[in-house]
Amino acid sequence: MYLRGETIIQWIEELAPKYLAYEDDRIGLQVGRVNREIKKVMITLDVLEAVVDEAIELGVDLIISHHALIYRPLAHLRTDLPAGRVLQKLLSHDIAVYTVHTNLDITEGGLNDWIATRLGLRQVELLEAHQYEVTNPVVKSEKAYGVGRIGVLPEPCTLHELAMQVKELFLLDGARIVGEPSQLVNKVAVVGGDGNRFVQKAAFRGADVLITGDIYYHTAHDAMAAGLALIDGGHYMEHIMKAEVARYLQQTAMARKSASETQFIISQANTNPFQFC
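Residues numbered from 1 in each chain as written. Predicted model: local features only at pLDDT ≥ 70, side-chain atom pairs only at ≥ 80, totals over all residues. Heavy atoms only, no water.

S.K.: Help me understand the overall build of the protein, please; the structure alone is not making it clear to me.
M.R.: Along the protein, the regular secondary structure elements total nine helices and 15 strands. Over its C-alpha trace the protein gives a radius of gyration of 20 Å, about what one expects of a compact globule, namely 19 Å for 277 residues. With respect to the principal axes defined by its C-alpha atoms, the protein has extents near 55 × 50 × 35 Å. The 277 residues of the protein split such that 49% are buried. Contacts in the protein between residues far apart in sequence, at least 24 positions, make up 68% of those at least 6 positions apart. Surface exposure of the protein reaches about 14100 Å², of which carbon and sulfur atoms provide 52%. Treating the 26 positive side-chain charges of the protein as one cloud and the 35 negative ones as another, the clouds have centres 4 Å apart. (Helix = DSSP H or I, 4+ residues; strand = E, 2+ residues; numbered from the N terminus. Rg over C-alpha atoms; globule rule 2.2 N^0.38 Å. Buried < 20%, exposed > 50% of the residue type's maximum accessible area, 1.4 Å probe, protein only. Contact = heavy atoms within 4.5 Å. Areas by Shrake-Rupley, 256 points an atom, 1.4 Å probe, with all protein chains shown as cover. Lys, Arg positive; Asp, Glu negative; His and termini not counted. Charge placed at Lys NZ, Arg CZ, Asp CG, Glu CD.)

S.K.: So what exactly am I meant to see when it comes to the sheet that holds strand β2 (residues 28-31) here?
M.R.: Strand order in the open sheet made by the five strands is β2-β6-β5-β4-β15, with mixed pairing throughout. Each edge of the open sheet is held by one strand with a lone partner, namely β2 and β15 (263-266). Neighbouring strand axes in the sheet, compared pairwise and without regard to direction, differ in orientation by 25° on average. Sheet analysis places strand β4 (residues 40-44) next to strand β5 (residues 62-65), joined by four bridges and oriented parallel. Bridging from a neighbouring strand, M42 pairs with I63 of β5. Each of β4, β5 and β15 touches helix α2 (residues 49-58); the most contacted strand, β4, lies at about 160° to it. (Pairing = 2+ DSSP bridges. Axes fitted to C-alpha atoms, helices over the stretch in contact; angles between N-to-C directions.)

S.K.: Quick question: what am I supposed to make of helix α9 (residues 240-255) here?
M.R.: Its 16 residues give α9 an end-to-end C-alpha distance of 23 Å, which sits within 8% of 22 Å, the value for a rise of 1.5 Å per residue. Check the buried side of α9 and you find it contacts α1 (5-15), β4, β5, α4 (102-106), α5 (111-119) and β15. K257, located one to two residues past α9, shows a positive phi value of around 55°. (Expected span 1.5 Å × (residues − 1).)

S.K.: I tried to follow the sheet that holds strand β7 (residues 122-126) on my own but got confused; where do I start?
M.R.: Paired through their backbone hydrogen bonds, the strands of a sheet run either parallel or antiparallel. What the six strands build is an open sheet, ordered β7-β10-β12-β13-β14-β11; its pairing is mixed. On the outer flanks of this sheet lie β7 and β11 (176-178), each paired with one strand and no other. Strand-to-strand twist of the sheet, defined as the mean angle between neighbouring strand axes without regard to direction, takes the value 30°. Bridge count for strand β12 (residues 184-194) against strand β13 (residues 209-214) is five bridges, and the pairing is parallel. Of the residues in β13, the one forming a bridge with D194 is D214.

S.K.: What is the right way to look at the pattern of salt bridges in this model?
M.R.: For the structure on display, the rule yields 15 salt bridges. One salt bridge in this structure joins R4 and E6, with 3.2 Å as the shortest N-O distance. Looking at R4, the relative accessible area reads 37%, which means it is partly exposed. What you see here is one network of salt bridges that share partners, running through R33, R36, D61 and D94. (Salt bridge = Lys/Arg side-chain N within 4 Å of Asp/Glu carboxyl O.)

S.K.: What should I look at first to understand the nonpolar core in this one?
M.R.: By size, the foremost hydrophobic cluster in this structure holds 49 residues, and its most contacted members are I43, L62, I64, L104, L162, I211 and L249. A per-element tally of this core places α9 first, with seven residues. Other than its neighbours up to four places away in sequence, I64 contacts I8, I12, V41, M42, I43, T44, Y98, V100 and L249. The next biggest cluster of nonpolar side chains, apart from the first, holds 19 residues, and it includes Y145, I150, A223 and L230. (Core = buried A, V, L, I, M, F, W, Y, C linked by side-chain atoms within 4.5 Å.)

S.K.: Would you mind going over helix α8 (residues 217-226) with me for this structure?
M.R.: Along an α-helix, residues three or four positions apart point the same way, because every turn accommodates 3.6 residues. Buried within α8 are the following residues: T219, A220 and A223. Buried residues of α8 fall within an arc of 105° about the axis and therefore sit on the same side. Every exposed residue of α8 that faces more than 90 degrees away from the buried side is listed here: Y217, H218, M224 and A225. Of the surrounding elements, those touching the buried residues of α8 are β11, α7 (199-204) and β14 (229-232). Looking one or two residues past α8, G227 carries a phi angle of roughly 75°, positive in sign. (Arc of directions from axis to C-beta.)

Put into structure tokens, the structure is as follows:
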């Protein structure tokens, strides 16, 4: 017996409810169908052609991605161009694509908590909180959620030492830093992905350093002026979601006693477009 696609999606949405996503975010089922049995699920950060080829080779039925395959409105569907070719491959091999993005960033126990845990942060709090009203037939409550986290290191270290830890812990080839490498840091803010709009909030909350996946040139100047150090590990640092989502699905299947032959596979394709000379 295999799990049905609807069940797998239900479990994903229990982890990362859709209502948490930014209003303009492209999440949910983007390609294909899930109203069937699913033999193999692949978890990936990005849906590139190399990932789709990998999925075809392994006989995958459902891809769960963090970054959307379809983000902007399609102007055309030309199979002689890369984007159209990817969609053609997915449809011709009956592979569905489901995206879980900012709702996974925001949710409790999601991507930003995984980043904080991997860094060993203590006394972790939301970096910036938003109120969401949750209503169902049984419970009506308001709970604060937010994208970023802030906490303290197990013990202070230099900015350079922390950057080296980030490289090692997130399996990165390099990281950019803003600030004096020898300065001591202890209070750390983290934002997976684009952290530009959180620089002032991190400085206001007393963070010594913000670790994030994307910082603009002029935003780095703003951070320097505010006395906030930065470690930019690149957007690819979010790839840790692959193993975490796979583990969550496997553990959920065991907890629900779902005797199933469905396999959860971590994509091995490297979708990081950047290299270091």
